[in-house]
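# Summary of the model geometry
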Amino acid sequence: MILALKSGRLPAADWLAAFAAKMPELEVRVWPDVGDRAEIDVLLTTRIPKGEAARFPNLKFVALIAAGADRFLADPTVPPDLPIVRAVNSEQALTMKAWIVYQVLRHHREFPQYEADQKAHRWDRRPVVQPGTVRIGLMGLGQLGGAAARSLVDLGYDVAGWTRAGRGIDGVEDFIGAGEFERFLARSDILIGILPFTTETDSLLDARAFAALPEGAYVINCGRGELVVEADLLAALDKGHLSGAALDVFREEPLPPGHPFWDHPKITLTPHNSATASAWNAVDSVIENIRRCQAGEPFVNLVDRAAGY
Ligand code: NDP
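In what follows, the accompanying structure is described. Quick caveat: nothing in here was measured; it's all calculated off a predicted structure.

## Description of the overall build of the chain
- What the chain contains, in helices and strands, is nine helices and 12 strands.
- Projecting the C-alpha coordinates of the chain onto the three principal axes gives extents of approximately 65 × 45 × 40 Å.
- In the chain, which comprises 309 residues, the share counted as buried stands at 48%.
- For the chain, contacts bridging at least 24 residues in sequence account for 62% of all contacts bridging at least 6.
- A total accessible area of about 14,900 Å² is found for the chain, and carbon and sulfur atoms account for 54% of it.
- For the chain, the centre of its 32 positive side-chain charges and the centre of its 40 negative side-chain charges are spaced 2 Å apart.

## A look at the side chain of N221
- Relative to the elements of secondary structure, N221 occurs in strand β10 (residues 217–221).
- From its side chain, N221 meets the backbone nitrogen of G223 in a polar contact 3.3 Å long.
- Beyond its immediate stretch of four places on either side in the chain, N221 contacts W99, G193, L227, V228, A246, L247, D248 and V249.

## Some remarks on the packing of aromatic side chains
- Considering all chains together, one arrives at seven aromatic pairs under this definition.
- Pairing F250 with F261 gives two aromatic rings, centres 6.2 Å apart and planes at 55°, and the pair type is tilted. Linking F250 in the loop between β11 (242–247) and β12 (267–269) with F261 in the loop between β11 and β12, this pair joins segments that are 11 residues apart in sequence.
- A relative accessible area of 4% places F250 in the buried class.
- Above the face of the F56 ring, R37 is positioned so that its terminal group lies 4.6 Å from the ring centre.

## Regarding the site of the ligand
- In the neighbourhood of the ligand, 29 residues make up the surrounding shell, with L144, A165, R167, E200 and Y309 lying closest.
- Separating an oxygen atom of the ligand from a side-chain N or O atom of Y309 is a distance of 2.6 Å.
- For the ligand, the accessible surface in isolation is 930 Å², of which the surrounding protein chains cover 93%.
- Only α3 (90–108), α5 (143–154) and β7 (158–163) provide two or more residues apiece to the shell around the ligand.
- At three residues, the largest contribution of residues to the shell around the ligand is made by α5.

## Description of the nonpolar core
- One finds M139, F181, F184, L205, F210, L233 and L242 to be the most contacted residues of the largest nonpolar core, which totals 30 residues.
- Counting residues per element, the ones that place at least two in this core are β7, α6 (181–186), α7 (207–212), β10, α8 (230–238) and β11.
- A per-element tally of this core places α8 first, with four residues.
- If sequence neighbours within four positions are ignored, L205 has contacts with M139, F181, L191, F210, L227, V228 and V229.
- In terms of nonpolar packing, the next biggest core, distinct from the first, is built from 27 residues, I100, V101, A147 and A246 among them.

## Side note on the environment of A277
- Locating A277 in the fold gives a position in the loop between β12 and α9 (279–295).
- Each C-alpha atom, one on A277 and one on D36, is 30 Å from the other, the two residues being 241 residues apart in sequence.
- Setting aside chain neighbours within four positions, we find A277 in contact with L10, N89, E91 and Q92.

## Description of the sheet that holds strand β1 (residues 2–6)
- A sheet is described by the order of its strands in space; here five strands give the open sequence β2-β1-β3-β4-β5, paired in parallel fashion. Edge positions in the sheet fall to β2 (27–30) and β5 (84–86), since each of these pairs with one other strand and no more. In this sheet, neighbouring strand axes are inclined to one another by 25° on average, regardless of whether the strands run parallel or antiparallel.
- As defined by bridge partners, β1 adjoins β2 across four bridges and the pair is classed as parallel.

Thresholds, definitions, all that
- Residues numbered from 1 in each chain as written.
- Predicted model: local features only at pLDDT ≥ 70, side-chain atom pairs only at ≥ 80, totals over all residues.
- Heavy atoms only, no water.
- Helix = DSSP H or I, 4+ residues; strand = E, 2+ residues; numbered from the N terminus.
- Buried < 20%, exposed > 50% of the residue type's maximum accessible area, 1.4 Å probe, protein only.
- Contact = heavy atoms within 4.5 Å.
- Areas by Shrake-Rupley, 256 points an atom, 1.4 Å probe, with all protein chains shown as cover.
- Lys, Arg positive; Asp, Glu negative; His and termini not counted.
- Charge placed at Lys NZ, Arg CZ, Asp CG, Glu CD.
- Polar contact = N/O pair within 3.5 Å; in protein donor to acceptor, adjacent residues only side chain to side chain.
- Phe/Tyr/Trp six-rings, centres within 6.5 Å; stacked < 30°, edge-to-face > 60°.
- Lys NZ or Arg CZ within 6 Å of the ring centre and 35° of its normal.
- Near = heavy atom within 4 Å.
- Core = buried A, V, L, I, M, F, W, Y, C linked by side-chain atoms within 4.5 Å.
- Pairing = 2+ DSSP bridges.
- Axes fitted to C-alpha atoms, helices over the stretch in contact; angles between N-to-C directions.

Shown next as C-alpha cells:
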C-alpha cells in the first residue's frame, strides 16, 4: 500500500514518524512529491485543490484529516464511488469537549465579570445559578457533540440534543428533525452548534432561530461557521435578546481584520482551535481503515455522501 499525505497544520514529519512506528510496511509519500499518481492507494488530506483528488486514478479510499467533509464533497470531479472516511480520533473529542465545557462554565459562572471585579478590587458574591436549572441544547450529538453532552450531564446541567435521528445518550433529552427544532431552541439557555456543514445545516442559525431562543440565551458555535448568519447574530446580540456568543469557526477564515466580531463586547472567539489532535493519535483510524481495505471489510467512519457528512 502507498499513501499520499497532504498534511495541514500538523507537520508532515509527525505523520511520517507515526506511520513508521505503527505501520512500517506502509509507504508514505508527501505532497506534492507523490511520484506516479497511479501508484497511490490512499490519499490522506486536509484540503486539496479542486480536481486534484480525481488525478489519482487508483485510489482505494480518501481519509480526511479534518472532520468536515463538505469542502471535499464540493469538488464535482471527486469520483462518486470513491469511499471517503474521516480520520477521527479520541484526542479531537477530548479537546473539543474541554473547549465547550470551558465556554459553558465561563458564561454560566460569570468568569469575565469576576475577572473585572478583581481588577476593580470589588468583592461581590453573586448567587450562583444551579447547573440543574441551566438548559443546554447541543445541535449535533456525534463523536464531538456526544462527548461534550456526556460531560455536561456529569456537571449537572439540564442537557438536550438536536439531531436527525436521536442518539439515546443517558441524561440527554432527544429532539429530532426540523419538526422539533423550535421546541428545542425554546428550551436552550445555552445553545451549542457542533454540526457538520451540509445543505440542511447551512445558515440554520438565522434571525428566526435566534428569536426562538429564550431571552438572554448564549450561543456557542464550534461546528462550522456557515451554520450562523453573522449579521443576524450581531443584530440579536445588539438588541439584547442574546447575552453573548463564543465562536471558534467563521464563514471566512482567518477572520478578516476589520470583521465586527473582533471588537464586539459580547463575543469571545478563538481561531478555529477548539479541537486538536496529534498525528500519533490520528493515524490509528487511518491504519484501521487500511487494514479493513486489505481484508475486504467495510470501512469505519465512512462519510455518507447522500447526507453530506
Ligand atoms: P459526526 O458526524 O460524528 O456527528 C454529526 C452530528 O450532527 C450527528 O449527531 C448528526 O445527527 C447531526 N446532524 C447532521 N446533520 C444534521 C441535521 N441536518 N439536522 C440535525 N442534526 C444533524 O460529527 P462530529 O461530532 O465528529 O463533528 C461535528 C462537526 O464538527 C464536523 O462535521 C465538523 O464540521 C466540525 N468540527 C469542528 C472542529 C473545530 O476545530 N472547530 C474540529 C472537528 C470537527 P445524527 O446523529 O442523527 O446523524
